[in-house]
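An overview of the molecular structure
The residues making up each chain are set out below.
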Amino acid sequence: MLRLDTGEIKIDGLSTTTDAEKIKAKIGYVGEPTGYPEESQLKHIKKMIAPFYETWDETLFKKYVKHFKVNLDKKYEALSTGQKKQFDLIMALSHKPELIILDEPTAGLDPIVRNEMLEVLMTHMQDEKVSIFYSTHITSDLEKTCDYLVYIQNGKIRLQAEKDKLLSEYCIVKGPKKLFEDKEIQREMLGIKQTSLGGEALVRSHQLARELFGEEATYCRPNIEEVMLFLAGERRV
């Protein structure tokens, strides 16, 4: 709905300026706001939306409605937050898009509903061979679902890497404070935390960490949340 002032956006080789209709047919979206009329029953929302998509799969729609136990006679405004997200996901998946864009889709949901939605997404991705672009602050979701990570801080990309490679190669080093005082060593660290008792640092690889610190330190593999906390924090030395 917005026109570009400058630049260009392409999706699957198509321009958003000249091929908007074709692009929208390829995309499924879950985020806020959905734009669905609050006072309408779910069955009427589906009836309004489905004809826009040549690839709409009614069998797939009914499958997910049954899976999530969605009551299509309910009005959208009568749904809980979790039920709204489930219906939004059903609508996004049912026209079999090639690209699914998820903007904080599980924010505010209880762990059971969140896990159920993630399992459906993972199964759908494997069955339908789609790509999912997932924006979230819930790092445990990323551990379960993602293949590739991009971390953005203050509008700048701080990290982009394959998830499995990041988790297997990145290293947290722990040791006495003196180990982290060398300026040359500090330049090799992605993040540092120090207390009066000792320090911790994030290093790009286990091999590099051992070359820098030898046997004086202890080493462990980070999870995604720990990596982001190190990158987000100030370098305290």
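Predicted model, so just to flag it, every value in this text is computed and none were measured.

So, about the pattern of salt bridges. Scanning all chains against the criterion turns up 8 salt bridges. Linking Lys46 and Glu58 is a salt bridge whose minimum nitrogen-to-oxygen distance equals 2.9 Å. Here Lys46 is found in helix α2 (residues 42-49), whereas its partner Glu58 is found in helix α3 (residues 58-68), with 12 residues between them in sequence. When its relative accessible area of 28% is taken as the criterion, Glu58 is described as partly exposed. Arg187 serves as the salt-bridge partner of Glu184, at 2.2 Å between the closest nitrogen and oxygen. Where salt bridges share partners, they join Asp12, Lys26 and Glu98 into one cluster.

Glancing now at the packing of aromatic side chains. Any pair of aromatic rings gets described here by the distance separating the centres and the angle formed by the planes. Enumeration over the complete set of coordinates arrives at 5 aromatic pairs. Residues Tyr36 and Tyr76 carry aromatic rings whose centres are separated by 5.7 Å and whose planes lie at 75° to one another, so their mutual orientation is edge-to-face. Of this pair, Tyr36 sits in the loop between β3 (27-30) and α2 while Tyr76 sits in the loop between α3 and α4 (81-93), placing them 40 residues apart in sequence. Side by side, Tyr36 and Tyr76 carry an identical accessibility label, which is buried. Ring centres of Trp56 and Phe61 lie 5.6 Å apart, and the angle between their planes is 40°; on these two criteria the pair is classed as tilted. Judged by relative accessible area, Phe61 falls into the buried class, the value being 2%. An aromatic cluster is built from Tyr36, Tyr76 and Phe87, whose rings are joined through pairwise contacts.

Taken together, Tyr148, Val150, Ile152 and Ile157 make up a surface patch of nonpolar side chains, about 400 Å² in accessible area. A total of 3 residues in the nonpolar patch trace back to one element, the largest contributor, which is strand β6 (residues 148-153). Relative to the helices and strands, Ile157 is located in strand β7 (residues 156-162).

What follows is about the confidence of the model for the protein chain. Residues at a pLDDT of 70 or more form 98% of the protein chain, whose mean pLDDT is 89. Across the protein chain, α2 holds the top mean pLDDT of 97, while helix α8 (residues 183-186) sits lowest at 84.

Attention shifts here to the pairing of strand β5 (residues 131-135). Here strand β4 (residues 99-103) pairs with β5 via 5 bridges, running parallel. Bridging from a neighbouring strand, Asp103 pairs with Ser135 of β5. In this fold, β4 hands off to helix α5 (residues 111-128), which returns the chain to β5; that crossover is right-handed.

Next up on the list: the packing of α3 against α5. Closest axis-to-axis distance for the α3/α5 pair is 12 Å, and the angle between their directions is 155°. By the criterion of interaxial angle, the relationship of α3 to α5 is roughly antiparallel. Between α3 and α5 the crossing geometry is right-handed. Across the interface between the two elements, Leu60, Tyr64, His67 and Phe68 of α3 pack against Glu116, Met117, Val120 and His124 of α5. Looking at side-chain class alone, the contact of α3 with α5 contains 5 nonpolar, 2 polar and 1 charged residues.

Rules of the game
Residues numbered from 1 in each chain as written. Predicted model: local features only at pLDDT ≥ 70, side-chain atom pairs only at ≥ 80, totals over all residues. Heavy atoms only, no water. Salt bridge = Lys/Arg side-chain N within 4 Å of Asp/Glu carboxyl O. Helix = DSSP H or I, 4+ residues; strand = E, 2+ residues; numbered from the N terminus. Buried < 20%, exposed > 50% of the residue type's maximum accessible area, 1.4 Å probe, protein only. Phe/Tyr/Trp six-rings, centres within 6.5 Å; stacked < 30°, edge-to-face > 60°. Patch = residues over 30% accessible without salt bridge, like charges linked within 9 Å, V, L, I, M, F, W, Y side chains within 5 Å. Areas by Shrake-Rupley, 256 points an atom, 1.4 Å probe, with all protein chains shown as cover. pLDDT = per-residue confidence, 0-100. Pairing = 2+ DSSP bridges. Right-handed = clockwise from strand over helix to strand, strands pointing away. Axes fitted to C-alpha atoms, helices over the stretch in contact; angles between N-to-C directions. Parallel < 35°, antiparallel > 145°, perpendicular 65-115°, else oblique. Left-handed = near helix turned anticlockwise from the far one by under 90°. Contact = heavy atoms within 4.5 Å. Nonpolar A, V, L, I, M, F, W, Y, C, P; charged D, E, K, R; others polar.

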